[in-house]
Amino acid sequence: MADQKCAFVAILGAPNVGKSTLLNQVIGNKISIVSPKVQTTRGKVRGIYTKDNTQLILVDTAGIFKPSRRLDRAMVSGAWTESNDADMRLVLIDAVKGIDKNTSIVIQNLDKSKQKAILVINKIDDVKTDKLALLGAECSKSPVWQDIFYISAKTGKGVSELMDYLTQKAPHAPWLFSDDEMTDMPDRLFAAEITREKLFMNLQDELPYHLTVETTSFKEADQSIRIEQNIIVERPAHRIIVLGRNGQMIKKIGQQSRIELTKQLGKKVHLFLFVKVRENWTEDPKQYKRWGLDFNA
Ligand code: GDP
Ligand code: MG
């Protein structure tokens, strides 16, 4: 079609500002995992939003912060690659926290690379209106912003106005996906991400950051799907915690993941989880490749 419009929209911001929640809200379906902990999202997750003649490919990114470990470095660098490649960028900030240190890094980097962005003040359901007005006034001073939107990714307030704006600004270009596709994430990776989310929800402190999940088998039949996954931890002591007393923890995680996968995939899921110790998995280039990250970032 001659009048098709298409744009890549990168969703950037500090950890925990609600980037993944926004993506899920827009797509109306869960495609990116969400948790109250920071740095849940590792690689890029793309959601496809198609309306009338316009297709927006929304790219959820890992939060931007000062990285130290290799995995963190790769995640942050990946987020900037997405920003460079995008036609439009959203920078989300948390209305409660305002412009914190991590958001300042984002703004400085955009400024340095002469990139413009749309400021999206999120979590407006959580603050008073007068505080919002102050924050808006403070932010409008920066030349980086093309526009400012106020939304609640959680309730959906303000989100359709934002989408209408992006739709209007999208350049004329052919669509890259068909109009019924929601994401380009492979089922195997999606299934692994859901289990990883449940691990994030059930395990304390740093442990979720030290593990990863890989789907080793994904077999779809008419009525059901059989999925096998390895939960990879760094130390034997971590394995013991993930299993829990009498295997109670892994059982709970498996149940939660199976229920969610059944809902999301629309078929009965049989899920088999195995906990494996692989001391150096964060030094394994293969793991980075799965998330589309650069091992040497
Ligand atoms: P990300 O790290 O930027 O991807 O943030 P997430 O989407 O994982 O969200 C981080 C936390 O903020 C989660 O606990 C979300 O439920 C919460 N959150 C996200 N959007 C909103 C919002 O609009 N309002 C409120 N009150 N909480 C939100
Ligand atoms: Mg996220």
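Look above for the structure.
By convention here, each chain's residues receive numbers from 1 onward along its written sequence. Here every chain gets a letter starting at A, and every ligand a number starting at 1, in the order they are written. Local features are withheld for residues below a pLDDT of 70 in this predicted model, meaning they are given only at 70 or higher, and side-chain atom pairs are given and counted only at 80 or more; totals for whole chains, interfaces and linings count all residues. Just so you know, side-chain values use all the structure's heavy atoms and leave hydrogens and water out.

Colleague: Would you mind going over the overall build of the chain in detail, with residue names and values included?
Modeller: Runs of H or I in DSSP of at least four residues are treated as helices and runs of E of at least two as strands, each being numbered from the N terminus. Across its full length, the chain holds nine helices and nine strands. Here the C-alpha atoms of the chain give a radius of gyration of 20 Å, agreeing with the 19 Å that 2.2 N^0.38 yields for 297 residues. Summarising its shape, the C-alpha atoms of the chain cover approximately 55 × 45 × 40 Å along the three principal directions. All accessible-area figures derive from a Shrake-Rupley calculation using a 1.4 Å probe, and residue coverage is judged against the displayed protein chains alone. A total accessible area of about 14300 Å² is found for the chain, and carbon and sulfur atoms account for 50% of it. Only C-alpha atoms enter the radius of gyration; for comparison, a globular chain is expected to reach 2.2 Å times N to the power 0.38, where N is the number of residues.

Colleague: Quick one: what's the story with the packing of helix 6 (residues 187–202) against helix 8 (residues 248–265), residue by residue and with numbers?
Modeller: Look at helix 6 against helix 8: their axes get within 9 Å of each other, and the N-to-C directions meet at 135°. Taken together, the axis directions place helix 6 and helix 8 in an arrangement best described as oblique. You can see that helix 6 and helix 8 cross each other, and the crossing is right-handed. Residues Asp 187, Phe 190, Ala 191, Ile 194, Thr 195, Glu 197, Lys 198, Leu 199, Met 201 and Asn 202 of helix 6 pack against Met 249, Lys 252, Ile 253, Gln 256, Ser 257, Glu 260, Leu 261, Gln 264 and Leu 265 of helix 8. Along the lines of polarity and charge, the residues of the contact of helix 6 with helix 8 split into nine nonpolar, five polar and five charged. Helix axes are fitted only over the stretch in contact, all axes being lines through C-alpha atoms; the angle between N-to-C directions runs from 0 to 180 degrees. Angles below 35 degrees are treated as roughly parallel, those above 145 as roughly antiparallel, those between 65 and 115 as roughly perpendicular, and all remaining angles as oblique. Each crossing is labelled by how the near helix is turned from the far one, with a counterclockwise turn of less than a right angle marking it left-handed and a clockwise turn marking it right-handed. Contacts between residues were defined by any pair of non-hydrogen atoms, one from each residue, lying within 4.5 Å. When residues are sorted by character, Ala, Val, Leu, Ile, Met, Phe, Trp, Tyr, Cys and Pro go into the nonpolar class, Asp, Glu, Lys and Arg into the charged class, and all the rest, Gly among them, into the polar class.

Colleague: Before we move on, could you go through the nonpolar core and cite the residues and values that matter?
Modeller: Buried Ala, Val, Leu, Ile, Met, Phe, Trp, Tyr and Cys residues form a nonpolar core when they are joined through side-chain atoms within 4.5 Å. Only protein chains enter the accessibility calculation, which uses a 1.4 Å probe; a residue whose area is less than 20% of its type maximum is buried, one above 50% is exposed, and one in between is partly exposed. Grouped together as the largest cluster of nonpolar side chains are 64 residues, with contacts concentrated most on Leu 22, Leu 56, Leu 58, Leu 90, Leu 166, Ile 231 and Val 242. Domains are outlined according to an automatic or database domain assignment. No fewer than three residues from each of domain 1 (5–169) and domain 2 (187–291) sit in this core. Those residues within four positions of Leu 56 in sequence are excluded, and the remaining contacts are Ala 7, Val 9, Gly 47, Ile 48, Tyr 49, Met 88, Met 163, Leu 166, Thr 167 and Ala 170. One finds Ala 10, Leu 119, Val 127 and Leu 135 within the second-largest nonpolar core, a separate group that totals 24 residues.

Colleague: Please provide a residue-by-residue account of the sheet that holds strand 7 (residues 212–220), values included.
Modeller: In this scheme, strands are said to pair when DSSP sees at least two bridges between them. Within the open sheet, the three strands sit side by side as 7-8-9. Their pairing is mixed. At either margin of the open sheet sits one strand with a lone partner, and together these are strand 7 and strand 9 (268–277). Between one strand axis and the next, the sheet turns by 20° as a mean value, whatever way the strands run. Running at roughly 140° to strand 9, helix 8 makes contact with strand 7, strand 8 (224–233) and strand 9 of the sheet.

Colleague: Just give me the short version of the site of ligand 1, but keep the residues and values in it.
Modeller: What surrounds ligand 1 is a group of 16 residues, the closest being Asn 16, Gly 18, Lys 19, Thr 21 and Asp 125. N or O atoms closer than or at 3.5 Å make up a polar contact, with two conditions inside protein: a donor-capable atom paired with an acceptor-capable one, and, for residues adjacent in sequence, both atoms drawn from side chains. With respect to ligand 1, the backbone of Ser 20 contributes an N or O atom lying 3.0 Å from an oxygen atom. In this structure, an oxygen atom belonging to ligand 1 sits 2.6 Å away from a side-chain N or O atom of Thr 21. Protein burial of ligand 1: of its 580 Å² of free accessible surface, 88% is covered by the chains. No other element matches the three residues that helix 1 (residues 19–27) contributes to the shell around ligand 1. Looking at side-chain class alone, the shell around ligand 1 contains four nonpolar, seven polar and five charged residues. Each residue is tested against the molecule or strand, and it is near if at least one of its non-hydrogen atoms lies within 4 Å.

By themselves, these are just geometric observations and shouldn't be taken as functional.
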